[in-house]
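# Examination of the molecular architecture
Listed here are the chains, written in short residue letters.
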Amino acid sequence: MGSSHSFPCPTLPSSQSTPLFLSPKPITKFPIPIHQNPSKPTIMAQSSLPTSSFSPFKCKSGDLESVEGNLGFEIHAIEEDMVEKMVYDALVWCSLNGLLVGDRAVERSGTLPGVGMVHAPFSLLPMSFPASRWKQACELAPIFNELFDRISLDAKFLQDSLSRTKKVDEFTSRLLDIHSKMIEINKIEEIRLGLHRSDYMLDVQTNRLLQVEFNTISSSFPGLSCLVSKLHRNLLHHYGSHLGLDHSKVPENAAVDKIAEALAKAWTEYNNPRAVVLFVVQLEERNIRTLTEIDALAELLPDGTLTVNGETVAIVYFRAGYTPADYPSEAEWKARLLIEQSSAVKCPSVAYHLAGTKKIQQELAKPGVLERFVDDKNDVEKLRKCFTGLWSLDNSDIVAHAIEKPDLYVMKPQREGGGNNIYGDDVRETLLRLSEEQSEEDAAYILMQRIFPLVFPAFLIRDGICHKDHALSELGVYGAYLRNKENVIANEQCGYLMRTKVSSSNEGGVAAGFAVLDTTSQIVIKAQVLTAAAIDVILIAVDNRISEFALST
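Below is a short write-up of the structure.

Secondary structure assignment for the protein chain yields 17 helices and 20 strands. When each of the 553 residues of the protein chain is scored for burial, the buried share is 57%. Look at the contacts in the protein chain between residues 6 or more apart in sequence, and 74% of them connect residues 24 or more apart. Element-wise, carbon and sulfur atoms account for 51% of the exposed surface of the protein chain, whose accessible area totals about 23,100 Å².

Printed below as a string of structure tokens:
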């Protein structure tokens, strides 16, 4: 998606044990500068990023050692002077190597090259991640690619699964209407291109890699994620010996090259050397064309060729179109329909777009549904192993449990882009309201088991300021799938995205200001170390029996 997706985070009660971060002053919700030397990077004892009403996760002293040992180094042992040097060197590296984004505070940003740029938010050091779980996520990519291509071809499954949602969700309804029109005219997408990202969290209670969601439209940050990988390798090359970290353990990231290669192969399959690749963007991005401009400039020729401003379009890549805000008038919907009717390769087509909805994710978790699309039993088992609990709101037992224990669930609408999910007491209030109203609005949501990832200390850099805070991470693995009729041209894992955010925030969007870009350092974790880190979580959430409960309903 456009902005980084939101992702569930633990909202565990505070304990009386020692916090992960020790500050010379009481921790408040306001940032506390450790120093104020204007010639040096500013370091905050606690982040000024958005916070929630829940207390930060705290560990006992013994657990602190286990958590930091799990990370491969002790963050508290890093001297402040070294942190300042690393932050300064990192900011210089960002400026020299293009790890930059437009600065919305600068009015002319985006109108002229190089005007109004600021470094992208990033983590100073890579987040350690179990090598076995990393391998698992990478091996799942081609299986998921094939699965969602097959789902996109099953028009009945898409229409039936989203039929109730269509009645209460206008945005999904409009997409389904376009899909229905393509069915009526027997529109066949001979060349199908999928550029995906599957997002995961490592659940400390079960030591399982669990899928948060699967993105089929505007899978963001392949370019910047590659640069962050290079940044971390560079920093650890210079400072790794002092920290006990090996720069070679940070995986190289070829996401941007692999995705560009997939686009180039799709362009080749279109077989018109004069055709162009069209990027559809949101208004404020100002880099190619908006749906509004396409409506004004596009033309559909009798043979199905799409032209924009007189140029033949081979591929339409949607950097926008995943949120209702991208369709402020009928003009944008007309443009989306025109694109769908054309012979241009869509990334994604409307069928692929619908396949990536939360409702379809929930449907796939039902017994026997995966077997409809996946022939290999081993692949089915691999997919199902990463699924978390997912339910529709017509499951009265699950709804009752969610009302009783709302912190164990996340409530998700059919939306992308972050800031849409419902957490905590809001889950209970929303479910009670829907129950009282007896409306069909419940079809607009799904319930998802809340994932409790490891919380660890981190340095997060945003706007030149270093925030030292509790953090947690989400791993996204990119995948590319290209098919021309029966010929599969590409089906591969192609890079990764690691996002890290303060643990006190429910939301996780990088562009929205909640998270930063990160990478991973590969480690082999002994089972007893992970268990030690998870003990406090299990004791605090001892009544969490969601897996057993799901089996009994």
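The structure having been displayed, the exposition proceeds.
On to the packing of helix 14 (residues 396–404) against helix 15 (residues 425–437), then. Axis separation between helix 14 and helix 15 bottoms out at 8 Å; the angle between their running directions is 135°. Looking at the two axes, helix 14 sits oblique to helix 15. Considering only the axes of helix 14 and helix 15, their crossing is left-handed. Across from Val399, Ala402, Ile403 and Glu404 in helix 14, the residues of helix 15 making contact are Val427, Arg428, Leu431 and Leu432. Considering only residue class, the contact of helix 14 with helix 15 consists of 6 nonpolar, no polar and 2 charged.

On to the pattern of salt bridges. A side chain with one charge can pair with a side chain of the opposite charge if their charged atoms come near. Overall, the coordinates contain 27 salt bridges when judged by the stated rule. Between Lys334 and Asp295 there is a salt bridge; the shortest N-O distance is 3.8 Å. Of this pair, Lys334 sits in helix 10 (residues 330–341) while Asp295 sits in helix 9 (residues 291–297), and the two are 39 residues apart along the sequence. Judged by relative accessible area, Lys334 falls into the exposed class, the value being 51%. Salt bridges here are not isolated pairs; linked through shared partners, they connect Glu146, Arg150, Asp375, Arg483 and Glu486.

A separate point is the pairing of strand 11 (residues 311–318). For strand 11, the tally of buried residues reaches 6 of 8 residues, placing the bulk of the element in the interior. Relative to strand 11, strand 10 (residues 306–308) is paired through 2 bridges, and the arrangement is antiparallel. Note that in strand 11 the partner of Val308 across the bridge is Glu311. Connecting strand 10 to the antiparallel partner strand 11 that follows it, the hairpin turn spans 2 residues, and Asn309 within it adopts a positive phi of roughly 55°. As judged from the 3 bridges shared by strand 11 and strand 12 (residues 345–347), these two strands associate in the parallel manner. Residue Tyr317 lies in a different strand from strand 12, and its bridge partner there is Cys347. Handedness of the strand 11-helix 10-strand 12 crossover: right-handed.

To continue, consider the sheet that holds strand 14 (residues 409–413). Judged by pairing direction, the sheet is antiparallel, and its 3 strands sit side by side in the order 13-15-14 without closing on themselves. Each of the sheet's edge strands pairs with one partner strand only, and the pair in question is strand 13 (390–392) and strand 14. The average angle at which neighbouring strand axes cross in this sheet is 30°, direction not considered. With 3 bridges connecting them, strand 13 and strand 15 (residues 445–449) associate as antiparallel partners.

Enumeration over the complete set of coordinates arrives at 10 aromatic pairs. Seen from their ring centres, Phe171 and Tyr327 are 5.8 Å apart, and the 55° between their planes marks the pair as tilted. Note that Phe171 is positioned in helix 6 (residues 170–184) and Tyr327 in the loop between strand 11 and helix 10, a separation of 156 residues in sequence. As far as burial versus exposure is concerned, Phe171 and Tyr327 are alike and both buried.

In this section: helix 15. Its 13 residues give helix 15 an end-to-end C-alpha distance of 18 Å, which sits within 8% of 18 Å, the value for a rise of 1.5 Å per residue. Listed as buried for helix 15 are Val427, Thr430, Leu431 and Leu434. Along the long axis of helix 15, the arc covered by the buried residues comes to 95°, so they all point the same way. Of the exposed residues in helix 15, the ones pointing more than 90 degrees away from its buried face are Glu429 and Glu436. The inward-facing, buried residues of helix 15 contact helix 14, strand 14 and strand 15. Just past helix 15, the residue Gln438 takes up positive phi, approximately 55°.

Turning next to the environment of Ile451. By the secondary structure assignment, Ile451 is in the loop between strand 15 and strand 16 (456–462). Between the C-alpha atoms of Ile451 and Arg208, which are 243 residues apart in sequence, the distance is 9.9 Å.

Turning our attention to helix 8 (residues 255–270). If you check helix 8, its first and last C-alpha atoms are 23 Å apart, about what 16 residues at 1.5 Å a residue would give, namely 22 Å. The set of residues buried in helix 8 consists of Ala255, Ile259, Ala262, Leu263, Ala266 and Tyr270. In a view along the axis of helix 8, the buried residues occupy a sector of 95°, so they form one face of it. Asn271 sits one or two residues past helix 8 and shows a positive phi near 65°.

Here we take up the nonpolar core. Leu124, Phe144, Leu147, Ile151, Leu193 and Leu364 are the most contacted members of the largest nonpolar core, which has 118 residues in total. Broken down by element, this core gets its largest block of residues, 10 residues, from helix 3 (residues 131–153). Filtering out sequence-adjacent residues up to four positions away, Phe144 remains in contact with Ser198, Tyr200, Gln211, Phe214, Leu383, Cys386 and Phe387. The next biggest cluster of nonpolar side chains, apart from the first, holds 16 residues, and it includes Leu393, Ile398, Ile422 and Leu447.

Nonpolar side chains collect at one region of the surface, where Tyr88, Val92 and Leu96 lie side by side and expose about 330 Å² of accessible area between them. In this fold, Val92 is placed in helix 2 (residues 80–97).

Cut-offs and rules
- Residues numbered from 1 in each chain as written.
- Predicted model: local features only at pLDDT ≥ 70, side-chain atom pairs only at ≥ 80, totals over all residues.
- Heavy atoms only, no water.
- Helix = DSSP H or I, 4+ residues; strand = E, 2+ residues; numbered from the N terminus.
- Buried < 20%, exposed > 50% of the residue type's maximum accessible area, 1.4 Å probe, protein only.
- Contact = heavy atoms within 4.5 Å.
- Areas by Shrake-Rupley, 256 points an atom, 1.4 Å probe, with all protein chains shown as cover.
- Axes fitted to C-alpha atoms, helices over the stretch in contact; angles between N-to-C directions.
- Parallel < 35°, antiparallel > 145°, perpendicular 65-115°, else oblique.
- Left-handed = near helix turned anticlockwise from the far one by under 90°.
- Nonpolar A, V, L, I, M, F, W, Y, C, P; charged D, E, K, R; others polar.
- Salt bridge = Lys/Arg side-chain N within 4 Å of Asp/Glu carboxyl O.
- Pairing = 2+ DSSP bridges.
- Right-handed = clockwise from strand over helix to strand, strands pointing away.
- Phe/Tyr/Trp six-rings, centres within 6.5 Å; stacked < 30°, edge-to-face > 60°.
- Expected span 1.5 Å × (residues − 1).
- Arc of directions from axis to C-beta.
- Core = buried A, V, L, I, M, F, W, Y, C linked by side-chain atoms within 4.5 Å.
- Patch = residues over 30% accessible without salt bridge, like charges linked within 9 Å, V, L, I, M, F, W, Y side chains within 5 Å.

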